[in-house]
Amino acid sequence: MGKKILCIDDSSTIRMLVKKTLLPLDYEVLEAENGKQGLEMAINNPVDLLLVDVNMPVMNGFECVAAVKALPQYAKVPMVFLTTESSQEKKDQGRQLGVSGWIIKPFEPDGLVKILRMLLP
Amino acid sequence: MGAMTLRNKKIVLAVLLILQLVELVALAESLVPLGLVVPLLSLALLAWLFAERHHKSLPATVDRLEPVVVMVPEADEPSKSQSDSPVQKPEIDLSLLMEQQVSIHLAGQLSRLVSDDTEKAVMTLSNSIFGLLQTSKKVSLNIEESLKTLTGGEAGLDSMVQHLDTHWQAFNNLGQNFDTLRQALEKDIHVLSVTVGAINEFSDRISDLADQTNVLAINASIEAARVGLPGRGFAVIANQVQLLAKNSKTIAETMAETVRNVVSTVELSFQRQTERIRTSEKLIARSEHDLRDWSQKVEPQVQRVELLVNQSRSMAELVTQELNSVTVSLQFQDRVRQMLEHLEVLTRSAGDDLANLTEVPLSGVSENVRMRAVERASKLFTVEQEWSLVGGRRSNENNGPRVELF
């Protein structure tokens, strides 16, 4: 198996589309349906990149990324927001958290793959 | 209708929000139609009926929703005008409100039904589309591999064309060699012919010399006889010379005959070799022509195969591009599902508000009132699943087989 991606999104459809897009390219995709579950998975299963939604129940994407970034083993792990949010204010908030990228939904598989290949050469 | 209480206004607002969501859902639906229009229309109509019953002057468009929201005070306190005027008890038809309670509940169930169906449809569609993509990629790769195998490798078309070219070149060289050989042979025959001519000339000269010697010997014998006894010894020599001359002539003639025979045999042999060389040259020329012909015939096939490989690759790329747009469409569909989930939450909340207003839980609504709501809602039903929400169709019209030939 290749690089390990953790997709944190409350939409099972989005998670499934991400998985279907990346599996044939030899990425391993782990899934979590909210920030809290994502944080727990990140702690228990070291991954190479996180794809995180912003608006989620239980724990939102910003809180989740902040918590994961605080873990020493994730200090340099790239994280990308995959969200319907497109405002500059939210993007700035994400940039301040130290994420590597911002993809606005709906995403195109090609665009997603391009970004992942840039972040995980 | 009398003045509305704040609670009633909140309910109306909730309904307006539902209507706005329905419009959004319908908008998204127009982007990615998947057969959800009818249930959504049902939802919209149910919600509208509810709103219409409560407030005849409700703004008809969503554009006017925001001012209405702003106008509603945050706190549950009577406005100044209300406090100034004498307190009026709102005239509320409880049974009508309870009927709306059931309708709102049905609307929530409908949105849940549509949401679930949408999710299932998206999942199924995604699986199918990505499955198709994988199959398409595999087919494309197989075609490419097959065509590469056909063209590449030791036994491939490319190699065959190269071999044909190499053999054609070899045959060409062979033909040229044979031509050189034939020319050399013809030259040798000419040299031989000239040499034989010279030998024949020498032979003739020797024969002439022998004749002349013979004549000389005869004359010597005659002269020796005339001398008599003293010339007897000379006569013996003359006889010997005559014999020598005869022998010389015989040898010269035999030599000439032998040379003629040898020349004849060699010439015949040379002619046969020349014929064989010419036949070989013809065969080589034909083979060379055939090889060139095959090479010319195979080469376009190789080009055609290369074209097919490129086309196959382009088609796979096209399918991948199409997948991008399908994936985007699926996400729009997912948005519809999310909005429907929100719609369900809102209707549930509105239903709860109505239950608080009537102080009767949904389970406490009389069968008569429930039936009225069901009757009204079921007039809009066109999809089988909608009927399942109200306990199924009453008539038996749908109990038959799904497909029937009359």
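Just above, that's the structure.
The structure reproduced in this document is the subject of the present report.

Conventions used here
Residues numbered from 1 in each chain as written. Chains lettered and ligands numbered in written order. Predicted model: local features only at pLDDT ≥ 70, side-chain atom pairs only at ≥ 80, totals over all residues. Heavy atoms only, no water. Contact = heavy atoms within 4.5 Å. Buried area = accessible area lost by both parts, 1.4 Å probe. Salt bridge = Lys/Arg side-chain N within 4 Å of Asp/Glu carboxyl O. Polar contact = N/O pair within 3.5 Å; in protein donor to acceptor, adjacent residues only side chain to side chain. Helix = DSSP H or I, 4+ residues; strand = E, 2+ residues; numbered from the N terminus. Axes fitted to C-alpha atoms, helices over the stretch in contact; angles between N-to-C directions. Parallel < 35°, antiparallel > 145°, perpendicular 65-115°, else oblique. Buried < 20%, exposed > 50% of the residue type's maximum accessible area, 1.4 Å probe, protein only. Phe/Tyr/Trp six-rings, centres within 6.5 Å; stacked < 30°, edge-to-face > 60°. Pairing = 2+ DSSP bridges. Right-handed = clockwise from strand over helix to strand, strands pointing away.

Between chain A and chain B, the contact holds 16 residues from the first and 19 residues from the second. Across the chain A/chain B interface, buried area totals approximately 1500 Å², and carbon plus sulfur atoms make up 60% of it. Area buried by chain A at its contact with chain B is led by Leu17(A), Lys20(A) and Pro106(A), which between them contribute 32% of it. Inspection of the chain A/chain B interface yields zero salt bridges. Inspection of the region where chain A meets chain B yields seven residue pairs in polar contact (both at pLDDT 80 or more). Counting only elements with at least two residues in the side of chain A that touches chain B, the list comes to α1 (12–22) and α5 (109–119) of chain A. With seven residues, the single largest contributor to the side of chain A that touches chain B is α1(A).

Here we take up the environment of Arg15(A). All names here are of chain A. Among the structural elements, Arg15 can be located in helix α1. Separated by 14 residues in sequence, Arg15 and Val29 have C-alpha atoms that sit 9.0 Å apart. Setting aside its immediate chain neighbours within four residues, Arg15 contacts Cys7, Asp9, Asp10, Glu31, Ala32 and Glu33. Separated by 3.0 Å, the side chains of Arg15 and Glu31 make a polar contact.

Our next topic: the packing of helix α3 (residues 61–69) of chain A against helix α4 (residues 88–97) of chain A. Residues and elements named next belong to chain A. Packing of α3 against α4 leaves a shortest axis separation of 10 Å and a crossing angle of 10 degrees. Taken together, the axes of α3 and α4 are roughly parallel relative to one another. Note on element contacts: α4 touches α3 through Lys90, Gln93, Gly94 and Leu97, opposite Phe62, Val65, Ala66 and Lys69.

Residue and element names in this part refer to chain B. One pass over the structure, following the stated rule, counts 25 salt bridges over all chains. Ionic pairing is found between Arg112 and Asp116, a salt bridge with its closest N-O pair at 2.9 Å. Of the two residues, Arg112 and Asp116 are both situated in helix α5 (residues 94–151); the distance of four residues between them amounts to about one turn of the helix. The partly exposed category is assigned to Asp116, whose relative accessible area is 30%. Ionic pairing is found between Glu201 and Arg205, a salt bridge with its closest N-O pair at 3.7 Å. One end of the pair is Glu201 and the other is Arg205, both in helix α6 (residues 157–227) and four residues apart, which spans about a single turn. The exposure class assigned to Glu201 is partly exposed, which follows from its relative accessible area of 46%. Among the charged side chains, a salt-bridge network with shared partners connects Asp179, Arg182, Glu186, Arg278 and Glu281.

So, on to the side chain of Thr83(A). Within the fold, Thr83(A) resides in strand β4 (residues 79–83). Ignoring any residue separated from it by four or fewer positions in sequence, one finds Thr83(A) in contact with Asp53(A), Val54(A), Trp102(A), Ile103(A), Ile104(A) and Lys105(A).

Take the packing of aromatic side chains next. Residues and elements named next belong to chain A. All chains considered together, the criterion is met by four aromatic pairs over all chains. Arranged with centres 6.4 Å apart and planes meeting at 35 degrees, the rings of Phe62 and Trp102 form a pair that is tilted. Of this pair, Phe62 sits in helix α3 while Trp102 is found in strand β5 (residues 101–104), placing the two residues 40 residues apart along the sequence. Relative accessible area serves as the criterion here: at 9%, Phe62 is assigned to the buried category. Residue class for Trp102 comes out buried when judged on its relative accessible area of 17%.

What follows covers the pairing of β4(A). Residue and element names in this part refer to chain A. Along β4, five of the five residues are buried, which leaves the element largely enclosed by surrounding structure. When strand β3 (residues 49–52) meets β4, the two strands line up parallel, connected through three bridges. Note on β4: the bridge partner recorded for Leu50 is Met79. In terms of handedness, the path from β3 via α3 over to β4 forms a crossover that is right-handed.

Structural measurements only, silent on function.
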